Each structure stands twice: as structure tokens, then as C-alpha cells.
Amino acid sequence: MITFIVNPNARSGLGSRIWKQIQQILQERKVQHQVFFTKYQHHASRIVSQITSDGDSHTLIALGGDGTINEVINGITFLDRVTLGYIPIGSGNDFARSLKLPSDPVTAIEYLLKPSHFTNMDVGVLWHGNKKRRFAVSTGIGFDASVCHEMAVSPLKLLLNKLKLGKLAYAGIAVRRIAALIPQDVELVVDGHKTLGYKNAFFVAVMNQPYEGGGLKFCPKANSHDRRLNALIVSDMSKLKALFLLPLSFHGLHTPFRGVSLLSFQNLEIRTQTPLPLHTDGEPVFLQKQIKVSLEPETLRVMTLV
Ligand SMILES: Nc1ncnc2c1ncn2[C@@H]1O[C@H](COP(=O)(O)OP(=O)(O)OP(=O)(O)O)[C@@H](O)[C@H]1O
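Once a new chain begins, its residue numbering starts again from 1 and follows that chain's sequence as written. Confidence filtering applies because this is a predicted model: local features only for residues at pLDDT of at least 70, side-chain atom pairs given and counted only at 80 or more, and all residues used for totals across whole chains, interfaces and linings.

1. Description of the site of the ligand
Item 1. In this entry, near means the residue's backbone-placed C-beta atom lies within 6 Å of the molecule or strand. Around the ligand lies a shell of 23 residues, among which Gly64, Gly65, Gly67, Gly90 and Gly92 are the nearest.
Item 2. The leading source of residues in the shell around the ligand is helix H3 (residues 66–75), at four residues. In DSSP terms, a helix is any run of H or I states spanning at least four residues, a strand is any run of E spanning at least two, and both are numbered starting from the N terminus.

Structure representation (C-alpha cells):
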């Protein structure tokens, strides 16, 4: 039995329209399934937690954006008992981009019904205070998270999503956020022993996969099955230079520039001077000034194309 978790509201309502197409295919093929529709924020986590807490093996297919994937993985009780499939319909779709999943929903369901390839994906963990939140794609503190915070409440995103111009919303908000940004000194503790300081940092993005923010290849070498995380730190540069580097990062061409630092590690502690916006997989988390990131000991089996 396959369980579908559908965010009908993803991409400004596209979720429910795509689900009708998928449901027709499932009915024609007589595929045994159950479906749950998410009704509010974090509902996907609650649904998945109820389903997976019995300790049995489960096949879950999420239909939505990166935010839905984030909520689904946060709800899984036993990561190593779940096989996850994904039909991407969000505006960012970085999870699908990094794992090279098909972007067309009908193509996606075709391969998910006859899965032939799987990857054991690392799952990131963000600790803030005594709270824990998993991430599939990335977590970030500072500028990138401030864009996510504004995107979450932006009427512009709703409008541009309807016009299939969701990426323009990201670009517009990113420019505004850079203009408003006050860079901060940041201290990192890498794998518990190496302390690094960065003056006037714009942000630290911790990546389990290469892409975030709708195709920004922040850490080209990030790989979600190497048992390591990667980080991009942007610091000590003019705002104009940061704006110039942002589009270059779509192709991973930002890495040789001064002020761009990359790290690879198993765990990282990040300390900032004042509390800053934080996100996991593009979903806003409350402002924080001290966080830790690491990997879950178990991996998650994900259906892939290759
Ligand atoms: N029925 C619903 N109504 C409103 N919001 C919902 C509903 N179900 C889920 N959500 C919330 O929608 C948010 C965004 O979902 P999702 O990421 O799937 O789509 P998206 O924002 O369009 O895509 P992307 O993250 O790729 O830009 C999540 O925070 C989720 O909690």
C-alpha cells in the first residue's frame, strides 16, 4: 500500500489540480493507495508521524514543494523503515533538482509506480536550544533565511506563482534583503575542535545537497550520500559584489571569489552576535544566535531515476 501526502496548496493551489491527474492514473492502474491532504502548516509531519510510529515499513509519496518534503521527513518516526517518493510541484524544487528527479508530475508517478533505483539519503539535523528539526536540502542562518522568512508571507509569491514566475519573487526579495542586511561576525566550530571566525558575514548555508533557493548551486560538491554536510559562508564583501555573485551561483561559479568560503564536516556549531533568521529547507524557523547541525545516524531510502 502506498500512502500519498498531498499539499493541495503547494505552488498557490497547483497541488490539488495535479493530484486529480495523479489520482486518475492510480485508478486506471488499480494501484492500492491511501491519500492524506495537508490542511495547515506542520500537518504533514503529524500525518506521517501517526503512520510511521507503528515501526512497520512504509512507502510514502509526497506531492508538494520542498516545504512538504521537510515536513514529511520531520514526521518520520523510524527513518530506516521508510521508502520515500516525491512528485515535485513547488516553486523552488531544489530537492528534486539535486536528486535529478523528474520535474513533470506524470513522468514522476510513472517511475514511482515501477521504482528501479533508490538512494540512501543522509538526513540533516538542526539543533536550536533543546529543539531539533530535520532537513533534506539545507538549513541556513542570515541572509538566505531572511529571504525564506519574507517569501513565506509575501503576496508577491502567490501572484507570481500563479503566473508561473515564482523565481522572480525569489530574485526581487533577495535584492531587497541584501539591501537591508547588517553583516555580522560569525564563529564556527567545525567537528567539535576547529574554531573559525568570519568578519561581516552575510550568511552561513549548511547544505546536504548542492542547490537551495530555487536552483542556487551554493555547494557544488555537496552530496546527500557521503555522510557529510557542506557549508557556504559569504563574508566581508560589498553588497554590490554579493549581488553580482548571486546569479553566478546558479552555475556554481561563485566559489573562487574572495569572501566565499566552503567547508565540509560532520557537525558544525554556528554562533552569531545577535539572533538571526533561520530556515530548514526554505521553511522559516524562529531567530537564533547559536545553532548546531549534524546528520541523523540513519539514512532514508529515496526512490530516484538513476
Ligand atoms: N492546506 C494548506 N494550506 C496552506 N498551507 C499549507 C497547506 N498544507 C501545507 N501548507 C504549508 O505550505 C507551505 C509550503 O508548501 P510547499 O513547500 O509544499 O509549497 P511551495 O511553497 O509552493 O513550494 P517551494 O517550497 O518549493 O517554494 C508549507 O509550510 C506547508 O506547511
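Moving on from the model shown.
2. Describing the nonpolar core
Item 1. By our criterion, buried Ala, Val, Leu, Ile, Met, Phe, Trp, Tyr and Cys residues that link up through C-beta atoms within 7 Å make up a nonpolar core. Whether a residue is buried, exposed or partly exposed follows from its count of other C-beta atoms within 10 Å of its own C-beta, namely 20 or more, 12 or fewer, or something in between, respectively; the C-beta atoms are built from the backbone. One finds Ile5, Ala62, Leu63, Tyr86, Val204, Met207 and Ala231 to be the most contacted residues of the largest nonpolar core, which totals 76 residues.
Item 2. Among the elements that take part in this core, strand S10 (residues 194–207) stands out by supplying seven residues, more than any other.
Item 3. Looking at this core, you find at least three residues from each of domain 1 (2–115) and domain 2 (126–295).
Item 4. By the criterion used throughout, residues are in contact when their C-beta atoms, derived from the backbone, lie within 7 Å. Setting aside residues no more than four positions away along its own chain, Val204 makes contact with Gly140, Ile141, Gly142, Val186, Ala231, Ile233 and Ile270. For the purposes of this description, domain bounds are those given by an automatic or database domain assignment.

3. Some remarks on the environment of Ile2
Item 1. As for its position among the elements, Ile2 is in strand S1 (residues 2–6).
Item 2. Taking the C-alpha atoms as reference points, Ile2 and Pro183, separated by 181 residues in sequence, lie 47 Å from one another.

4. Points about the sheet that holds S1
Item 1. For two strands to be treated as a pair, DSSP must find no fewer than two bridges joining them. An order of S2-S1-S3-S4-S15-S5 is seen for the six strands of this open sheet, with the pairing classed as mixed. Of all strands in the sheet, those with a lone pairing partner are strand S2 (33–37) and strand S5 (117–121), marking the two edges. Here the strands of the sheet are splayed against their neighbours by 30 degrees on average, with no regard to which way each runs. Angles run from 0 to 180 degrees between N-to-C directions of axes, and those axes are lines fitted to C-alpha atoms, restricted for helices to the stretch in contact.

5. Re the UniProt feature "domain: DAGKc" (unreviewed entry) in the protein
Item 1. UniProt positions are given in the numbering used here, feature names are shortened, and annotations may be inferred rather than shown by experiment. Under the feature "domain: DAGKc" (unreviewed entry), the UniProt entry names residues 1–130.
Item 2. For the annotated span residues 1–130, helix accounts for 41% and strand for 26% of the residues, and the straight-line distance between the end C-alpha atoms is 36 Å.

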